[in-house]
Amino acid sequence: MSKPLIGLTPGHNTESQDIFMRPTYMEALTAAGAIPVVLPLTVSQEDCGKLAETFDGFLFTGGPDPHPFLFGQETHRNCGNISLRRDTMETALLSAVMKTGKPVLGICRGIQIINVALGGNIYQDIPAQYQNKKEDGKFFPIAHSQPCGFHIPTHTVSLSPKSRLAQICGRASLQVNSMHHQAVRDLAEGLTACALAPDGLIEALEMAGYPWLVAVQWHPEYLREDPANFCIFKHFVAACPGR
């Protein structure tokens, strides 16, 4: 059996209009046994359907903030850069892919755009909009935008015991990195939170009624030395058998 082809949604430089891809995504998928391919940014709905038929799995990568209009909100003053072309491409692609039942993995922006595209919403700015969970009279000032390199984990996440993600990782908790100022707020119908940060923020979600859909807020591609984090890629690729 040949290696599965995994389509990755591209990065977008909104000034030059160039598309790009961080090599760490490609390296993680290659190490897990797949052939990663960067997808085009400008595609029609019909083209999205063709892409969904052609590739064996899809990775929705990190990137800029989803436009708040996608979930019916005005733009918060702390909202970051926006790529309307990515918003359009990724929402259309997700719809086409889910009609095929093919595996979907989301990372960072990926978890947010998946939730938004399916009808949920996000915190546009965590420091301004999210009140840290309080336990025993103490707050948890988690560094969601970490001050150190991406390969260094900075906080833990607790995994739901019966979730697909817990089965994949084989652990009750993970040490993760954190490079985001937005996060999933209200889940779309059909999605379930399967990992939480110590301050209560949703860090991962999955869809029980779909063959394979997992999305995480952290960047496991930078944490491949940790077997539990690398297992996310291995299980994703294993769910995308080649032809």
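Criteria and cut-off values
Residues numbered from 1 in each chain as written. Predicted model: local features only at pLDDT ≥ 70, side-chain atom pairs only at ≥ 80, totals over all residues. Heavy atoms only, no water. Helix = DSSP H or I, 4+ residues; strand = E, 2+ residues; numbered from the N terminus. Rg over C-alpha atoms; globule rule 2.2 N^0.38 Å. Buried < 20%, exposed > 50% of the residue type's maximum accessible area, 1.4 Å probe, protein only. Salt bridge = Lys/Arg side-chain N within 4 Å of Asp/Glu carboxyl O. Pairing = 2+ DSSP bridges. Phe/Tyr/Trp six-rings, centres within 6.5 Å; stacked < 30°, edge-to-face > 60°. Core = buried A, V, L, I, M, F, W, Y, C linked by side-chain atoms within 4.5 Å. Contact = heavy atoms within 4.5 Å. Axes fitted to C-alpha atoms, helices over the stretch in contact; angles between N-to-C directions. Parallel < 35°, antiparallel > 145°, perpendicular 65-115°, else oblique. Left-handed = near helix turned anticlockwise from the far one by under 90°. Nonpolar A, V, L, I, M, F, W, Y, C, P; charged D, E, K, R; others polar.

## Description of the overall build of the protein
Stage number 1. Helix and strand content of the protein: seven helices and 15 strands.
Stage number 2. Over its C-alpha trace the protein gives a radius of gyration of 17 Å, about what one expects of a compact globule, namely 18 Å for 243 residues.
Stage number 3. For the protein, the C-alpha atoms occupy an extent of roughly 55 × 40 × 35 Å along the three principal directions.
Stage number 4. Of all 243 residues assigned to the protein, the portion counted as buried reaches 51%.

## Notes on the pattern of salt bridges
Stage number 1. Considering all chains together, one arrives at five salt bridges under this definition.
Stage number 2. In this structure, R86 engages E90 in a salt bridge whose closest nitrogen and oxygen atoms are separated by 2.6 Å. Separated by four residues within a single helix, R86 and E90 lie in helix 3 (residues 84-100), roughly one turn from each other.
Stage number 3. A relative accessible area of 0% means that R86 is categorised as buried.

## Some points on the pairing of strand 1 (residues 5-8)
In the case of a regular strand, side chains alternate between the two sheet surfaces.
Stage number 1. For strand 1 and strand 4 (residues 35-38), the ladder comprises four bridges, and the chain directions are parallel. Residue pairing for strand 4: L8 is matched across the bridge by V38.
Stage number 2. Judged from the three bridges that link them, strand 1 and strand 5 (residues 57-60) form a sheet pairing that is parallel. Residue pairing in the sheet places G7 in a bridge with F58 of strand 5.

## Points about the packing of aromatic side chains
Stage number 1. One pass over the structure, following the stated rule, counts four aromatic pairs.
Stage number 2. Between F55 and F58 the ring centres are 6.1 Å apart and the planes differ by 65°, which places this aromatic pair in the edge-to-face class. The same class applies to F55 and to F58, which are both buried.
Stage number 3. Each ring, one from F150 and one from Y222, has its centre 5.1 Å from the other, and the planes form 85°; the classification is edge-to-face. Taken together, the residues F150 in the loop between strand 9 (138-139) and strand 10 (155-159) and Y222 in the loop between strand 15 (213-216) and helix 7 (227-238) connect sequence positions 72 residues apart.
Stage number 4. With relative accessibility at 29%, the residue F150 sits in the partly exposed group.
Stage number 5. A relative accessible area of 22% places Y222 in the partly exposed class.

## Description of the nonpolar core
Stage number 1. In terms of nonpolar packing, the biggest core is built from 36 residues, with L29, L165 and W218 touching the most fellow members.
Stage number 2. Counting residues per element, this core draws most heavily on helix 7, at seven residues.
Stage number 3. Ignoring any residue separated from it by four or fewer positions in sequence, one finds L165 in contact with L159, C194, A195, A204, E206, V214, V216, W218 and I232.

## Quick word on the pairing of strand 13 (residues 191-196)
Stage number 1. As paired elements, strand 10 and strand 13 share two bridges and run antiparallel to each other. Following the sheet pairing, L159 is matched in strand 13 by A195.
Stage number 2. With five bridges joining them, strand 13 and strand 14 (residues 202-207) adopt antiparallel strand pairing. Following the sheet pairing, L191 is matched in strand 14 by M207.
Stage number 3. A loop of five residues connects strand 13 with strand 14, the two strands running antiparallel in sequence, and G200 in this loop sits at a positive phi of about 95°.

## Quick look at the sheet that holds strand 10
Stage number 1. With mixed pairing, nine strands are arranged side by side in an open sheet as 4-1-5-6-15-14-13-10-11. Looking at strand neighbours, the two that pair on one side only are strand 4 and strand 11 (173-176), the edges of this open sheet. Taken pair by pair, the neighbouring strands of this sheet meet at an average axis angle of 25°, ignoring direction.
Stage number 2. Helix 7 contacts strand 1, strand 5, strand 6 (104-107), strand 11 and strand 15 of the sheet and is inclined by roughly 145° relative to strand 6.

## Section: the packing of helix 3 against helix 4 (residues 109-117)
Stage number 1. At their nearest, the axes of helix 3 and helix 4 sit 10 Å apart, and the two run at 65° to each other. The angle between the axes of helix 3 and helix 4 places the two elements in the roughly perpendicular class. Considering only the axes of helix 3 and helix 4, their crossing is right-handed. Contacts from R86, D87, E90, T91 and L94 in helix 3 reach R109, I113, I114 and A117 in helix 4.
Stage number 2. For the contact of helix 3 with helix 4, a count of residues per class yields four nonpolar, one polar and four charged.

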